[in-house]
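Next come the chains, spelled out residue by residue.
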Amino acid sequence: MKQLLIILLLLIGLPNVAQQSISLEECYILVTENYPLAKQAKLLDTQNKLDLEVISTSKLPQLSLDAQATYQSDVIEFPLAISGIEPLNKDQYRATVSVNQLIYNGGATDASLDLKSAQLKTKQKQIEVSLYQLKQQINQLYFSVLLTQESQLLLKAKQSQLKAKLGEVQSGIKYGVILPTSDKVLEAELLKINQQFNELESNKAMLIETLSSLISQPLHASTTFQKPLLEIRLQTEIVRPELELFQFKKEEIENSVSLLSKQNTPKLLGFATGGYGNPGLNMLDNSFQTFYTVGVKVNWTVFDWNANKKQRASLAISKDFVENETEIFRLNTNIALNQQQKEIDKIEAFITSDLEIINLRKEVLKSADSQLKNGVITSSAYITELTNLYEDENTMVKHNIQLQLAKANYNVIKGQ
């Protein structure tokens, strides 16, 4: 029983443990799924289904009901020579039910359905583009959190080193090898480190809270942010969703042109009307009677003052606009990629230089450590060299994070 209870407790704790780690790719997925804008995709689907159903009703019989009662100031009168014909009533009544059935409209209904589907693709892709553009914001927050984590680790290492050195200095003071106030300098520096820890913790909490809101996922200070190992591929093509959006816009315009080309085609309809009224179809019969008519009719706009032609010319210009937008987007994207590549090259050169500087700083600190033990220099001089090393190490950590951020932004700009 006790073993079963332990297993249950472990199982309950597993989800909490799983939430303590997150990757950059997971953040991308979560913001795409959970950002409020993503809900619009489902709304568009629902709206489109309703619109398609409305358009499809044009293929179904259209039923209408009409009723009227009228009084006329005058009616047709017949000569007295014509006997047996009652005078027509001035009050007349009629109720009819009409059915109209579209038989042929040149494919305009199908063209309308195709246009509506094309419009849906464009709108959905626009949502995808807007969500994709959030990736750079995710990059900035994610790598800022990584930078605070790395800074905390470096600061902790500095703190441990100072604490160890404080113990040595206090021992040296006890035996009269080191000046009595040397430990106070180290204690003051440790207090400063505590302040720096608090500042880093506060900045990290703010960044995590912002990222958590963006991806709608609970994140905490204890959450581990995995370090991505990013590479860039220089020879691949740009695969941004914006390019697909431009293509969908062109397809939408083409569908609009197709619909316009079918709007002026002849339309064939069948109709039937049944009614009850006084008089009926026989105007000479003053009694209430039933009646009906059936037939077909053709509706054809022969001349529309070139309105349809001008609309298609306007759509052709719209298509040229989209082509131009595509060209501008590719140009700006290639410029941004070139700038990002130069940023990557610059940071890589900084990191190479950082390594050389840190190695030299370590040699200087090693010498200062020996001099402090022998009372040649003060604790202040030692702290100066230790701080120099810490700042240079922190600079290299910052450059490493900046390099990964630059690579992540490069991949986002290219669409990898």
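Residues numbered from 1 in each chain as written. Predicted model: local features only at pLDDT ≥ 70, side-chain atom pairs only at ≥ 80, totals over all residues. Heavy atoms only, no water.

- An unreviewed UniProt entry annotates the protein chain as TolC family protein originating from Mariniflexile litorale.
- Heading Subcellular location (unreviewed entry) of the UniProt record for the protein chain holds this comment: "Cell outer membrane". (UniProt positions renumbered as here; feature names shortened; annotations may be inferred.)

1. Comments concerning the overall build of the protein chain
Part 1 of the argument: What the protein chain contains, in helices and strands, is 9 helices and 6 strands.
Part 2 of the argument: Here the protein chain has a C-alpha radius of gyration of 41 Å; the compact-globule value for 416 residues is 22 Å, and the former is much larger.
Part 3 of the argument: Summarising its shape, the C-alpha atoms of the protein chain cover approximately 150 × 60 × 45 Å along the three principal directions.
Part 4 of the argument: Per-residue burial over the protein chain gives 35% buried out of 416 residues.
Part 5 of the argument: Taking as baseline every contact in the protein chain between residues at least 6 positions apart, the subset at least 24 positions apart corresponds to 83%.
Part 6 of the argument: Roughly 25500 Å² of accessible area belongs to the protein chain as shown, and the carbon and sulfur atoms make up 57% of that amount. (Helix = DSSP H or I, 4+ residues; strand = E, 2+ residues; numbered from the N terminus. Rg over C-alpha atoms; globule rule 2.2 N^0.38 Å. Buried < 20%, exposed > 50% of the residue type's maximum accessible area, 1.4 Å probe, protein only. Contact = heavy atoms within 4.5 Å. Areas by Shrake-Rupley, 256 points an atom, 1.4 Å probe, with all protein chains shown as cover.)

2. Topic: the packing of aromatic side chains
Part 1 of the argument: Per the stated rule, a full pass over the model turns up 6 aromatic pairs.
Part 2 of the argument: Ring centres of Y142 and F143 lie 5.9 Å apart, and the angle between their planes is 75°; on these two criteria the pair is classed as edge-to-face.
Part 3 of the argument: The exposure class of Y142 is buried, given its relative accessible area of 0%.
Part 4 of the argument: Classification of F143 by relative accessible area gives buried; the value is 2%.
Part 5 of the argument: A centroid spacing of 4.9 Å and a plane angle of 65° characterise the contact between F303 and W305, whose relative ring orientation is edge-to-face.
Part 6 of the argument: Put simply, the rings of Y93, Y276 and F288 touch in pairs and so form one group of aromatic residues.
Part 7 of the argument: Of note, K135 hangs over the ring of Y28, and the distance from its end group to the ring centre comes to 4.8 Å. (Phe/Tyr/Trp six-rings, centres within 6.5 Å; stacked < 30°, edge-to-face > 60°. Lys NZ or Arg CZ within 6 Å of the ring centre and 35° of its normal.)

3. Points about the packing of helix α5 (residues 135-174) against helix α6 (residues 182-215)
Part 1 of the argument: Orientation of α5 relative to α6, taken along the N-to-C sense of each, is 165°, at an axis distance of 9 Å. Of the possible angle classes, the one that applies to α5 and α6 is roughly antiparallel. Viewed along their axes, α5 and α6 form a crossing whose handedness is left-handed.
Part 2 of the argument: Residue composition of the contact of α5 with α6, by class: 19 nonpolar, 12 polar and 9 charged. (Axes fitted to C-alpha atoms, helices over the stretch in contact; angles between N-to-C directions. Parallel < 35°, antiparallel > 145°, perpendicular 65-115°, else oblique. Left-handed = near helix turned anticlockwise from the far one by under 90°. Nonpolar A, V, L, I, M, F, W, Y, C, P; charged D, E, K, R; others polar.)

4. Structural notes on the sheet that holds strand β2 (residues 62-71)
Part 1 of the argument: Read from one edge of the open sheet, 4 strands run β2-β3-β5-β6, paired in antiparallel fashion. Only two strands of the sheet have a single neighbouring strand rather than two, namely β2 and β6 (289-299). Here the strands of the sheet are splayed against their neighbours by 20° on average, with no regard to which way each runs.
Part 2 of the argument: In this structure, β2 lies alongside strand β3 (residues 91-104), joined through 10 bridges in antiparallel fashion. By the bridge assignment, L65 is partnered in β3 with V97. (Pairing = 2+ DSSP bridges.)

5. A closer look at the nonpolar core
Part 1 of the argument: Counting 55 residues, the largest nonpolar core has I138, L211, I215 and F225 as its most contacted members.
Part 2 of the argument: Residue assignment for this core shows that the elements contributing at least two residues are α2 (24-34), α4 (108-132), α5, α6, α8 (307-373) and α9 (379-414).
Part 3 of the argument: In contact with I138, not counting residues within four places along its chain, are L24, C27, Y28, V31, L211, L214 and I215.
Part 4 of the argument: Counting 16 residues, the second largest nonpolar core, distinct from the first, contains I253, L260, L315 and I351. (Core = buried A, V, L, I, M, F, W, Y, C linked by side-chain atoms within 4.5 Å.)

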